[in-house]
Amino acid sequence: MKGSAKEEARWTRATLGRDGRPLDLLTARFDRHRYAPHAHDEFTIGVNVGGSEIIDYRGGHIRTGPGSIVVLAPGEMHTGGPAACDGYAYLALYAEPALLSEGAVGGLPHFREPLLDDPELAAALRAAHTELSACPDPLEAESRFPWLLAALTRRHSTAPPDRDAVPGAAHIADVVRDRLAGDLQDPPSLASLATDLGLSRYQLLRAFRTTTGIPPYAWLAQHRVHRARRLLESGLRPAEVAGLVGFADQAHLTRWFRRVLGVTPAAYRTSVYPSP
C-alpha cells in the first residue's frame, strides 16, 4: 500500500516425526526490509511467492521471481532485500545438512547454482510449507519434507542419487502400515521405523510410495478417517472423535474427512446416527 511499509514474518517449528529433529519454517512479506550480511548453520531453501528479491551471495547477485527456488549453503554469508518498490514475499525452510543427503550418496550435496527453475518442485515445496505451517503434524512433516529435499538434491546438486529400487518394498510397506495403525494417537517416527528395518528414511519412503502410491502420513490419515467413521456412527461427536483417532483437533479431522469422504464429520454423523 502506498505510503506504508508492509513487513510481516511468521515462524513455525515443525517436528520431523515423534521426538524428531525440528525444522523451522518462515513465511515472510517485506516491502522495505533488508537483511544484514549473515549466515545459517542449515541449508536455507526459499520459494519466492511474490515480487522480487535481490540476494548478495558468493560475490554476485541473485534476483528471484515468483516460483523460483533459492538454495543457500550452510555457513555462507548472504543478504536480502527488495528488488523493486513493491517488495517481495517468500517461504523458507531451514534444513540440517543431513536432510539433503538422504536421497543421494557421497556426503554433503553441493549446489553450483543457487537459483533454480523447477516449477513442479517449487509448487510442492510451497504446498507442504503452507499446510504444515498451519498444522505442523509430525508424521506429515517427516513424510513430506525429507522426500522433497531428497528430490531437490537428486535433481539439482552434484551428488550422485541413491538407488531407486528398494528390495522387499511390499514387505516394508506392510510393516510400516502395521506399526502406524498400531498407535494412532502417537505413531512412531519414520526414522525409527527405517532404523528397525535397516534402511534410510528415504529408502523407506520410496518403498512405501512405490507400493501404496501415497506417502505414510496420507495412508495413516485415511486409516484414521475410517476409524472415525465407526466412532461417529456409534454416536460420538467430531470433537471427541478427533483425539481418539490421532488427529490434532477437530479442524484436522474435518480437513481429512472431507478429502476422503467429501463431507464433514458433523454432516456424516447427522446422516448415519439417528436422532433421539
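Refer to the structure printed above.
What counts, and at which threshold
- Residues numbered from 1 in each chain as written.
- Predicted model: local features only at pLDDT ≥ 70, side-chain atom pairs only at ≥ 80, totals over all residues.
- Heavy atoms only, no water.
- Core = buried A, V, L, I, M, F, W, Y, C linked by side-chain atoms within 4.5 Å.
- Buried < 20%, exposed > 50% of the residue type's maximum accessible area, 1.4 Å probe, protein only.
- Helix = DSSP H or I, 4+ residues; strand = E, 2+ residues; numbered from the N terminus.
- Contact = heavy atoms within 4.5 Å.
- Pairing = 2+ DSSP bridges.
- Axes fitted to C-alpha atoms, helices over the stretch in contact; angles between N-to-C directions.
- Salt bridge = Lys/Arg side-chain N within 4 Å of Asp/Glu carboxyl O.
- 1 Å grid on protein atoms, 1.4 Å probe; cavity = no way out; pocket = protein on both sides within 12 Å on 5 of 7 lines; lining within 4 Å.
- Points joined across faces, edges and corners; volume = space filled by probe spheres on them.
- Nonpolar A, V, L, I, M, F, W, Y, C, P; charged D, E, K, R; others polar.

This part takes up the nonpolar core. Core analysis: the biggest nonpolar cluster contains 35 residues, and V176, L180, L204, F247, L253, W256 and F257 have the highest contact counts within it. Those elements giving two or more residues to this core turn out to be α3 (138-156), α4 (169-181), α5 (190-197), α6 (201-212), α7 (216-233), α8 (238-245) and α9 (250-261). Here the element with the most residues in this core is α7; it accounts for eight residues. Excluding residues that lie within four positions of it along the chain, L253 makes contacts with A228, P238, V241, A242, F247 and P265. Within the second largest apolar cluster, 32 residues are counted, among which are I45, I55, V70 and A73.

Before going further, it helps to spend a moment on the sheet that holds strand β4 (residues 43-51). On the basis of which strands lie adjacent, the open sheet formed by six strands has the order β1-β2-β9-β4-β7-β10 and antiparallel pairing. A strand with exactly one partner marks an edge of an open sheet, and here the two such strands are β1 (7-15) and β10 (115-116). Pairing analysis gives seven bridges linking strand β2 (residues 22-30) to strand β9 (residues 88-95), with the strands arranged antiparallel. Residue pairing in the sheet places A28 in a bridge with Y90 of β9. Contacts from helix α2 (residues 119-134) reach β1, β2, β4, β7 (69-72) and β9 within the one sheet, and its direction differs from that of β2 by about 100°.

As a further point, take the pattern of salt bridges. Per the stated rule, a full pass over the model turns up 17 salt bridges. A salt bridge links D24 to R13; its shortest N-O distance comes to 2.7 Å. With a gap of eleven residues between them, D24 in strand β2 and R13 in strand β1 connect regions that are remote in the sequence. Between R179 and D196 there is a salt bridge, with the nearest N and O atoms lying 3.3 Å from each other. Here R179 is found in helix α4, whereas its partner D196 is found in helix α5, with 17 residues between them in sequence. Among the charged side chains, a network of salt bridges with common partners joins E131, E140, R144, R255 and R259.

Considering only enclosed or pocket space, the largest pocket measures out at about 290 Å³ in volume. Lining the largest pocket we find 23 residues, and of these Y35, T44, E53, Y90 and Y94 sit closest to its centre. Contributing elements (two or more residues each) for the lining of the largest pocket: β1, β2, β3 (35-38), β4, β5 (53-57), β7, β8 (78-82) and β9. Top element by residues in the lining of the largest pocket is β4. It accounts for four residues. When its residues are assigned to classes, the lining of the largest pocket shows twelve nonpolar, ten polar and one charged. Space inside the second largest pocket adds up to approximately 210 Å³. Considering the residues around the second largest pocket, the lining is formed by 17 residues, among which D137, P138, Q185, P187 and R224 are closest to the centre. Per-element tally for the lining of the second largest pocket: the top contributor is α3, with three residues. Of the residues assigned to the lining of the second largest pocket, the class counts are seven nonpolar, five polar and five charged.

Worth remembering: the numbers are spatial, not functional.
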